[in-house]
Amino acid sequence: PMVLALQQIETMNNLPPEDNRAVVHGMYQSFAQGEIPAVLESLDPNVVWMEAEGNAYADGNPYKGPDAVLEGIFNRIGEDYESFTLENVQLHEMVNDEVFATLRYNGKLKNGATIDAQAAHLWTLSNGKVVGFQQYVDTKQLAEAMSK
């Protein structure tokens, strides 16, 4: 039975881990260049996107599909922030079609407050598309900045 379980796990992996990392890396590059349509193209039509519990944007969890992510996340970042960048993005080795990223959010809100927040993203991919996203972030810092 153990061998069978291992075979099943291996067949669940649609792409080599480096291919999944390349997809996620490309998404971060596109985001950095403001190419939001390219980011959305990497999302599966049935993607399930979860913002960190306690984050203001978690009010729409779970966001289902690229349009929900665009409206519920990216458009709101544009409304709330003067500048918003992802810094020190590091992608970590994972199995089962997951990619783990550690990074920092650096930004200036339109209310004048600034953030420099620790964050992590857990991406789940299938056939080269993102099917799941879970954000972890210093929600206390974001909430305090938004309330200034």
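Our subject in this report is the structure included herewith. All values reported here derive from a predicted model rather than from experimental measurement.

Quick word on the pattern of salt bridges
Moving on, step 1. Applying the stated rule across the entire model yields four salt bridges.
Moving on, step 2. Between Lys108 and Glu82 there is a salt bridge whose closest N-O contact spans 4.0 Å. Within this pair, whereas Lys108 is found in strand β4 (residues 98-109), its partner Glu82 is found in strand β3 (residues 81-92), the two being separated by 26 residues in sequence.
Moving on, step 3. The partner of Glu144 in a salt bridge is Lys140, and the shortest N-O contact between them spans 2.8 Å. With Glu144 and Lys140 both in helix α5 (residues 139-146) and four residues apart, the pair spans about one turn of that helix.
Moving on, step 4. Under the relative-accessibility criterion, Glu144 is labelled partly exposed at 40%.

A short note on the packing of aromatic side chains
Moving on, step 1. As enumerated under the stated definition, the model contains nine aromatic pairs in all.
Moving on, step 2. For the ring pair Phe84 and Tyr105, a centre distance of 5.1 Å and an interplane angle of 55° mean the geometry is tilted. Taken together, the residues Phe84 in strand β3 and Tyr105 in strand β4 connect sequence positions 21 residues apart. Accessibility assignment for this pair places Phe84 and Tyr105 in one class, buried.
Moving on, step 3. Cluster of aromatic residues (ring-pair linked, three or more members): Tyr28, Phe31, Trp49, Phe74, Tyr81, Phe84, Tyr105, Trp123 and Phe133.

What about the environment of Asn96?
Moving on, step 1. By the secondary structure assignment, Asn96 is in the loop between β3 and β4.
Moving on, step 2. Judged by relative accessible area, which is 33%, Asn96 ranks as partly exposed.

Focus on the layout of surface pockets
Moving on, step 1. By volume, the largest pocket amounts to about 160 Å³.
Moving on, step 2. Surrounding the largest pocket, Tyr28, Gln29, Phe31, Ala32, Gly34, Phe84, Thr85, Leu86 and Val89 form its lining.
Moving on, step 3. At the level of elements, α2 (17-32) and β3 are the ones that each hand at least two residues to the lining of the largest pocket.
Moving on, step 4. Across the lining of the largest pocket, the residue classes break down as six nonpolar, three polar and no charged.

Cut-offs used in this document
- What you see as residue numbers is a count from 1 along each chain, following the sequence as written.
- Local features are withheld for residues below a pLDDT of 70 in this predicted model, meaning they are given only at 70 or higher, and side-chain atom pairs are given and counted only at 80 or more; totals for whole chains, interfaces and linings count all residues.
- Side-chain numbers come from the whole structure's heavy atoms, not from hydrogens or water.
- By definition here, a salt bridge exists when the distance from a side-chain nitrogen of Lys or Arg to a carboxyl oxygen of Asp or Glu is within 4 Å.
- Under the scheme used here, helices are H or I runs from DSSP no shorter than 4 residues and strands are E runs no shorter than 2 residues, and both carry numbers assigned from the N terminus.
- When a residue's accessible area, from a 1.4 Å probe over protein chains only, is under 20% of the maximum for its type it is buried; when over 50% it is exposed; and in between it is partly exposed.
- By convention, a stacked pair of Phe, Tyr or Trp rings (six-membered ring in the case of Trp) has centres within 6.5 Å and planes under 30 degrees apart, an edge-to-face pair has planes over 60 apart, and any other such pair is tilted.
- The method works on a 1 Å grid over the protein atoms by themselves. A cavity is a set of points holding a 1.4 Å probe that cannot get out, a pocket is an open set with protein on both sides within 12 Å along at least five of seven lines, and residues with an atom within 4 Å of a point line them.
- Grid points are joined across faces, edges and corners, and a volume is the space filled by probe spheres set on the points.
- Residues were grouped as follows: Ala, Val, Leu, Ile, Met, Phe, Trp, Tyr, Cys and Pro as nonpolar; Asp, Glu, Lys and Arg as charged; and all remaining residues, including Gly, as polar.

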